[in-house]
Amino acid sequence: MFLGLDVGGTFTDGVAVSAGKIISTVKTPTTHNNLLECILRAIDKVVLDTGNKNFERIALSTTIVTNALVEDKIDKVGLCIMPGPGMNIKDALPKEPYIVSGYIDHRGHEVARPTEEEVMSACRHFSSCDIFAISGKFAVRNPSYESMIADWIRKKVKPSHISLGARVSGSLNFLRRTNSAYYNGAVWRHFNQFATAVEDALLSRGIFGPVYVLKADGGTLPLAVAREFPVEAIFTGPAASVLGIMSLHPTRSPAVSLDIGGTTTDIALWQKGTPIFAEQGAKVAGYATSVRGFRLKSIGIGGDSFVRWEKNALKVGPMRYGPAMAVGGSKPTITDAMIASGLIEFGDKELALNAMKELALEGQTPYEVANMALDEAVTCIYQAVMSLLAEQEAEPVYRVEDIVQGRRINIEQILGVGGGATGLIPLVAKKMGLSYQLPDHGMVANAIGAAVARPTLDLTLRADTVKGFYTVAELGIKNRLPKSRFSLEDASLLAEQHLAELAKVTGIFLGETELIQAEEFNVIRGFNTVGKIITCRLQVKPGVLLPSKEVF
């Protein structure tokens, strides 16, 4: 039996799935000031329904981190970078960095050593920060300077957390790796509060089972690992909704899925029955990262989005100040507008109408202002979908198939899930001139997606053909290369063998694998190529588990 938990900005959902059937669902308000409370309520209901406390796997997702980004409630991070000579990336970073002078060259050689004095100066510059991120160009080939700077910072200010670029991402791309390290630090506290609440809830109820968190690409990560690298789970909520849709309503038609929650709407694109991936890495708050993930966009429009007048214009979100006035909230929301206009039946309609009366101008009825608010919300979602389609179309083309067929996706239908879907999806579909589907159990699609996500794991093989050895850090091995002429293809095959070993040890079904990172560069001496440095990262392919078949 699988247990899936999704802690959203408005509701916390739980589901239990056994033999491919959903046997328990629960939806309870999220208690932001005490996450333990809402998680316990969800768990207690599932245990009551199933009579079970031993789960084969417990999988988690949350939109709390995504919401913190959308609402700009992330932590301050002291960002230190070692760019060395070359292109200035300062303007492409989400925050003004402190430049440290040391650097590593492209071979991983230590060229210029940073000084403790300038790092102490950086600590004074970031005196209001207790979280730091450090990133050096080519540090993936030699992380010694990043570690050295981290040691100096720990000695000086005793920070709560330090994110090192080379540990957060194995990608050679300095800009994306630096942004990943920055956001890993920025959401570290939010994610760990969530992780602690889940662990405390499970322990207090005597519930056992391996605990995983969904990654942005639909894979899974042990919760203990995710605590250190929360950027991998930064889009875990949206990824869960994608997997939930995949299991609830698989489709071959080009589609856009909208998960309309209380705080955000998460948008994903579908082609040939599978969600589309961000080829080079997901964007976080508009900044390129090395986080592998679905092509997603999250906007601050949801059922609890605050509706108000600003400069003679009716505005919606991204702020939320609690639930709808129809259920005891203090501010008018989109849910109030949906109730007042008759789109949904929920809470106290009179209170929802009062919320709209607060907003109505002279001579304007509550119904008219409710429709204005809904038009504004639908327009925001429509524009975000168009923006995501444009981004997809503008992506660089790498495959012959894409050159021939192009990147354009001609959307044929909308798939809607989440608490706000029933009221808003028909309006969005009408504006876009498309049909729509609202799958059964769509209200708890994220928790279902988490529960049925296929367990994954990955490993990285690095080979040095000059020195004649390779390493696999996940297995703690350093072996001689099996042959002198060793290629990237050989590395991929060898990595697959070791991934099979790791899967056997961890009890995970190997199934189909995918190459998620591959790079090689020549080692030059004098004017001759004397070998290659090869990096190959392989993963058990993410997807969903069903009783009689697997899809994705």
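Criteria and thresholds
Residues numbered from 1 in each chain as written. Predicted model: local features only at pLDDT ≥ 70, side-chain atom pairs only at ≥ 80, totals over all residues. Heavy atoms only, no water. Helix = DSSP H or I, 4+ residues; strand = E, 2+ residues; numbered from the N terminus. Rg over C-alpha atoms; globule rule 2.2 N^0.38 Å. Buried < 20%, exposed > 50% of the residue type's maximum accessible area, 1.4 Å probe, protein only. Polar contact = N/O pair within 3.5 Å; in protein donor to acceptor, adjacent residues only side chain to side chain. Contact = heavy atoms within 4.5 Å. Pairing = 2+ DSSP bridges.

**Section: the overall build of the protein**
Looking only at helices and strands, one finds 16 helices and 29 strands in the protein. Against the compact-globule benchmark of 24 Å for 552 residues, the protein has a radius of gyration of 25 Å, which places it among compact chains. Overall, the C-alpha framework of the protein stretches about 80 × 55 × 55 Å when taken along its three principal axes. Out of the 552 residues belonging to the protein, those deemed buried represent 57%.

**A word on the side chain of Arg176**
Within the fold, Arg176 resides in helix α6 (residues 174-186). Given the relative accessible area of 15%, Arg176 is considered buried. Here Thr289 takes part through its backbone oxygen, which lies 2.7 Å from a polar atom of the side chain of Arg176. The residues touching Arg176, leaving out its near neighbours within four places in the chain, are Gln280, Gly281, Ala288, Thr289 and Ser290.

**Description of unusual backbone geometry**
With glycine set apart, most residues show a phi of negative sign, and most peptide bonds adopt trans. Looking along the chain, the bond that leaves Gly317 and enters Pro318 is cis, with omega of -5°. Note that Pro318 resides in strand β20 (residues 313-320). Even without glycine at this site, Lys311 takes up a positive phi of about 50°. Mapping Lys311 onto the fold places it in the loop between β19 (305-310) and β20. Residue class for Lys311 comes out exposed when judged on its relative accessible area of 83%. At His441, a position not held by glycine, the phi torsion is positive, near 65°. Assignment of secondary structure puts His441 in the loop between β22 (435-437) and α15 (445-452). A residue is classified by how much of its surface remains accessible, and His441, at 43% relative accessible area, is partly exposed.

**A few points about the pairing of strand β5 (residues 78-82)**
Side-chain direction in a regular strand flips from residue to residue, so the side chains alternate between the two faces of the sheet. The element β5 is largely enclosed, with a buried count of five among its five residues. Residues Gly78, Cys80 and Met82 point to one face of β5 and Leu79 and Ile81 to the other, with burial holding for every one of them. Where β5 meets strand β9 (residues 131-136), five bridges bridge the pair, whose relative direction is parallel. Its bridge partner being in β9, Gly78 is matched across the sheet by Phe132. In this sheet, strand β6 (residues 98-99) lies alongside β5 in parallel orientation, the contact comprising two bridges. When the bridges of β6 are listed, Ile81 appears paired with Ile99.

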